[in-house]
Amino acid sequence: MSPVLAEASRRRTFAIISHPDAGKTTLTEKFLLYSGAIQQAGAVQSRKADRATTSDWLELERKRGISVSSAVARFEHDGTMLNLLDTPGHRDFSEDTYRVLSGVDAAVMVIDAARGVEPQTEKLHAVCRARGTPVITFVNKMDRPSPEPLAILDDIEEKLGLTGQPVTWPIKPEGRFQGVVDRASGRAYRFHASGPGGTRRAQEDEGGVDELAEEVREELELLDAIGADVDVDAFLAAKATPVFFGSALSNFGVRMLLDAITELAPAPGPRIDVDGEPRPVDAPFSGLVFKVQANLDPRHRDRLALVRVCSGRFERGAPLTCARTGKRIQAKYAHAVFGRERETVDEAFPGDVIGLVNATDLRAGDTLHEGDAPVTFPPIPTFTPEHFATAHPADRSRVKQFRRGVAQLDEEGVVQVLRHPDLGDQAPVWAAVGQLQFEVAAWRMEHEFGAPVRLEGTRFDTARATDEDGVAALAGMRDVEVWRRENGTPLALFRSRYVAERIERDHPEIRLDTLLLG
Ligand code: G4P
């Protein structure tokens, strides 16, 4: 096996998708504790709280406690290198949250057992589905009262169209959580709640299935009878999801989940390019820019492009080409992006993420490659925007700076900038999937480009992606206008969601998508 293939095969690159409060931070912390990457429980949580005092980042982020400081957590489990990509803006949803998913090979979906599949999880999963990303499910907070496990599986199936295939099964006689059974081995793992709140400490004691309550045995037999076993092919095809039950806070069921990530989640494989051709893992270096982040940390006041290595070996200093512009990039300053301290990276392999400093021309979605044979990976899917605002320069003497700033923020994908064909560059509409994107953009306009903006509400509240046939068909209809992005992509903007839904219903022939490609 070539060294690149060997390195790739021992990597798993994934993200956690969940709704705020389901337990993403707690689970991340438990992963890091397991692997020895951190020593002390509470380190991740307290970082959340400490951020206000210890970090020098963008004021806005500080105010809101948003994490941008650590793009990737890397840790080892059983000899496998795990790259956990942070889905930023977990609480304040933004396009970056979706973009990160184009850098992973699998996702762990964390569901609050009592709340089931929640809206943000549904949206993130839609991106996984669009990309065919396999999903492993962790039903969290089992220490608390929750619906019957079968009802949780039904909820997953109904809302996400995913068949839940339980790897473990909760032991819950009379509704009291006592542990889980590993269905394949029949081994029972007992949950012993003790300590304050009854959940702080728990152990995974092994016991036999014979001691199980009659009720649980019947459920297990039923599962066997309906053949709810893990089907690896269906999982890899993103049609089924292996399901684990546990409690991140009590550190219960976390090791089994980690085992599943190393054993079931796919290693980096050939990535399909825009022509539909798979790029072999050991082809010369190629990588996807999945996020460009402007660092306002005074120590590193620069722009960082986060690149997921897709094929080959990345070597610091090797000349790379940006497929979109054809321009050469000298990756002299490549950094690891774990935490705030920057470490120079000399080499990286498929599945790894590197940060390129001051690669000013790069945008999210760009493909980088080594050598003369160009390769381009497909655009990153995101959702059509749900928030709109017309941007005006607050200071008329700063129009030049205003234009420059707007162009730059558009390029970086901080907000989507839309223009009306008749209005040109005047009063562009900013569009975003999360309100926070406006705040970040306005903050940067003022502090970075010296062009404060005045944002004004628009008459739109819904957008759909369309095509040129759609543009023609929509012309003249009421309560809808077509605006265009910088790259020409037409977006139909509607007065209200109801107008959009009515037109969708009455004109099924018009392409109106909620998923936006590129
Ligand atoms: P998030 O990153 O997805 O937003 O969730 P986070 O891990 O911050 O967890 C949200 C809340 O749920 C936290 O409580 C956390 O302690 C709790 N939690 C996480 N896993 C479990 C679990 O397995 N069982 C129970 N019972 N609770 C869990 P909090 O009160 O908001 O914060 P904290 O005071 O505990 O830090």
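In this text, all values refer to a predicted model and were calculated from it rather than measured experimentally. Residue indices begin from 1 for each chain and proceed along its sequence in written order. In view of the model being predicted, local features appear only for residues whose pLDDT reaches at least 70, and side-chain atom pairs are presented and counted only at 80 or more, with totals across whole chains, interfaces and linings using the full set of residues. With hydrogens and water stripped out, all remaining heavy atoms of the structure feed into the side-chain values.

How should the overall build of the protein be read in this particular structure?
The way it works is that DSSP assigns letters per residue, a run of H or I at least four long becomes a helix, a run of E at least two long becomes a strand, and they are numbered from the N terminus. Each helix and strand in the protein was counted, giving 14 helices and 32 strands. Counting only residues that meet the buried cut, the protein has 56% of its 518 residues in that class. Whether two residues are in contact is decided by their heavy atoms: any pair within 4.5 Å suffices. Long-range contacts, defined as pairs at least 24 residues apart, comprise 70% of the intrachain contacts of the protein with a sequence gap of at least 6. What sets the accessible areas is the Shrake-Rupley method with a 1.4 Å probe; for residues, cover comes only from the shown protein chains. Surface accessibility of the protein: about 22100 Å² in total, with carbon and sulfur atoms responsible for 47%. Whether a residue is buried, partly exposed or exposed follows from its accessible area with a 1.4 Å probe, protein chains only, as a fraction of its type maximum: under 20%, in between, or over 50%, in that order.

Teacher, can you tell me more about the nonpolar core here?
Side chains of a nonpolar character, in soluble globular proteins, are inclined to be buried together. Ranked by size, the top nonpolar core spans 77 residues in total, and within it F14, L27, F31, L257 and I261 carry the most contacts. Domain delimitation follows an automatic or database domain assignment. Split by domain, the residues of this core number at least three in each of domain 1 (3-67 + 91-98 + 106-267) and domain 2 (272-369). What F31 contacts, discounting residues up to four positions off in sequence, is F14, I16, F75, L84, V254, L257, L258 and I261. Formed by 18 residues, the second largest nonpolar core is a distinct cluster that contains V414, V417, W430 and M445. In these notes, a set of buried Ala, Val, Leu, Ile, Met, Phe, Trp, Tyr and Cys residues joined through side-chain atoms within 4.5 Å is what counts as a nonpolar core.

Where do I start with the packing of helix α11 (residues 399-412) against helix α12 (residues 435-447) in this structure?
Helix packing for two helices is described by the angle between their axes and how far apart those axes are. Running from N to C, α11 and α12 point in directions that differ by 140°, and their axes come no closer than 10 Å. Comparing the axis directions of α11 and α12 gives the class oblique. Where α11 crosses over α12, the handedness of that crossing is right-handed. Of the residues in α12, those touching α11 at F402, G405, V406, L409 and E412 are A441, R444 and M445. Here the axes come from fitting lines to C-alpha atoms, over the contacting stretch only for helices, and the angles between their N-to-C directions go from 0 to 180 degrees. Orientation is classified from the angle alone, with under 35 degrees giving roughly parallel, over 145 giving roughly antiparallel, 65 to 115 giving roughly perpendicular, and any other angle giving oblique. Left-handed describes a crossing whose near helix is turned anticlockwise from the far helix through less than a right angle; right-handed describes the clockwise counterpart.

Is there a simple way to explain unusual backbone geometry in this structure?
In this structure, A238 is a non-glycine residue whose phi angle is positive, near 60°. Secondary-structure assignment places A238 in the loop between α9 (232-236) and β11 (240-245). A positive phi angle, near 60°, is found at N251, a position not held by glycine. Inspection of the secondary structure assignment puts N251 in the loop between β11 and α10 (254-263). Taking the relative accessible area as the measure of exposure, N251 reaches 27% and is therefore partly exposed.

What's the story with the confidence of the model for the protein in this structure? I'm lost.
Interpretation of the predicted coordinates at a detailed level should be avoided for regions scoring low in pLDDT. Across the protein, the average pLDDT comes to 85, with 84% of residues at or above 70. Confidence of the prediction at every residue is given by pLDDT, a number between 0 and 100. Taken together, the stretch residues 195-202 has pLDDT below 50 and engages in 15 contacts with residues farther than four places along the chain or on a different chain.

It is not clear to me how the pairing of strand β2 (residues 72-77) should be interpreted in this structure. Could you clarify?
Side-chain direction in a regular strand flips from residue to residue, so the side chains alternate between the two faces of the sheet. Of the pairings in the sheet, the one linking β2 to strand β3 (residues 80-85) comprises six bridges and is antiparallel in character. Of the residues in β3, the one forming a bridge with F75 is L82. In this description, strands pair whenever DSSP reports at least two bridges between them. Linking β2 back to β3 in an antiparallel pair, the connection comprises two residues, with D78 at a positive phi of about 50°.

Is there a simple way to think about the sheet that holds strand β27 (residues 429-432) in this case?
Each strand in a sheet pairs with another by means of backbone hydrogen bonds, the pair being arranged parallel or else antiparallel. With antiparallel pairing, seven strands are arranged side by side in an open sheet as β28-β25-β27-β26-β30-β31-β29. The sheet is open, and its two borders are formed by β28 (453-457) and β29 (462-465), each paired with just one other strand. Averaged over all pairs of adjacent strands, the angle between strand axes in this sheet comes to 40°, irrespective of strand direction. Where strand β25 (residues 387-393) lies against β28, five bridges are found, and the strand directions are antiparallel. Within the sheet, the bridge partner assigned to A391 lies in β28 and is L455. Its contacts with the sheet place α12 against β25, β27 and β28, and it is angled at close to 135° to β27.

Help me out: how do you make sense of the packing of aromatic side chains in this one?
Two aromatic rings are characterised by how far apart their centres lie and by the angle between their planes. Aromatic rings from Phe, Tyr and Trp, taking only the six-membered ring of Trp, are treated as a pair when their centres fall within 6.5 Å; an angle between ring planes under 30 degrees marks them as stacked, one over 60 as edge-to-face, and anything in between as tilted. Evaluated as defined, the whole model comprises nine aromatic pairs. When the ring of F14 is compared with that of F31, the centres are 6.2 Å apart and the planes differ by 70°; the resulting orientation is edge-to-face. Pair noted here: F14 is in strand β1 (residues 11-18) and F31 is in helix α2 (residues 24-35), with a separation of 17 residues, a long-range link. Note on accessibility: F14 and F31 belong to one class, buried.

I tried to follow helix α7 (residues 149-160) on my own but got confused; where do I start?
One full turn of an α-helix is made of 3.6 residues, so residues set three or four places apart face in the same direction. Compared with the 16 Å implied by 1.5 Å per residue over 12 residues, the 16 Å span of α7 between its first and last C-alpha is a close match. Looking only at α7, the buried set comprises P149, I152, L153, D155, I156 and L160. For α7, the angular spread of the buried residues around the axis is 155°, confining them to a single face. Its buried side turned inward, α7 meets β4 (106-112), α6 (119-131), β5 (135-140), β6 (163-166), β7 (168-171) and β11. Multiplying 1.5 Å by the residue count of a helix minus one yields the expected span of that helix. By definition, the arc is the one covered by directions from the helix axis to the C-beta atoms.

Help me out: how do you make sense of the environment of A323 in this one?
On the secondary structure map, A323 appears in the loop between β17 (319-322) and β18 (328-330). Along the chain, A323 and T376 lie 53 residues apart, while their C-alpha atoms are 6.1 Å from each other. Dropping the residues within four chain positions of it, A323 is found in contact with T367, H369, V375 and T376.

Help me understand the sheet that holds β5, please; the structure alone is not making it clear to me.
Spatial ordering of the open sheet is given by β2-β3-β1-β4-β5-β11-β6, a layout of seven strands whose pairing is mixed. Each of the sheet's edge strands pairs with one partner strand only, and the pair in question is β2 and β6. Sheet twist, expressed as the mean angle between neighbouring strand axes with direction ignored, is 30°. As paired elements, β5 and β11 share three bridges and run parallel to each other. Its bridge partner being in β11, T137 is matched across the sheet by V243. Contacting β1, β2, β3, β4 and β5, α2 crosses the sheet at an angle of about 155° to β1.

How do you make sense of the side chain of H392 when you look at a structure like this?
With respect to the helices, strands and loops of the structure, H392 is situated in strand β25. Residue classification places H392 among the buried positions, given a relative accessible area of 18%. Reaching out from H392, the side chain makes a polar contact with the side chain of E456 at a distance of 2.8 Å. Residues within four places of H392 in sequence aside, it is in contact with F402, A427, P452, V453, R454 and E456. Distance and chemistry together define a polar contact, namely a pair of N or O atoms within 3.5 Å, with one atom able to donate a hydrogen and the other to accept it when in protein, and with adjacent residues in sequence counting only for side-chain atoms on both sides.

Which parts of the structure should I look at to understand the pattern of salt bridges?
Pairing is possible between side chains of opposite charge, provided their charged atoms come close. Salt bridge, as applied in this entry: a Lys or Arg side-chain nitrogen positioned within 4 Å of an Asp or Glu carboxyl oxygen. In total, this model carries 30 salt bridges according to the counting rule given. R495 is paired through a salt bridge with D479; the nearest N and O atoms lie 3.4 Å apart. Of this pair, R495 sits in the loop between β31 (490-494) and α14 (497-506) while D479 sits in the loop between α13 (468-474) and β30 (480-485), placing them 16 residues apart in sequence. If you follow the salt bridges from partner to partner, you end up with E7, R10, R11, R74 and D352 in one network.

I would appreciate a short explanation of α14 in the present structure.
Along α14, the positions that sit buried rather than exposed are V499, A500 and I503. When α14 is viewed along its axis, its buried side chains cluster within an angular range of 100° and face the same direction. Exposed positions of α14 whose direction lies more than 90 degrees from the buried face are Y498 and R505. If you follow the buried residues of α14, they end up packed against β29, α13, β30 and β31.

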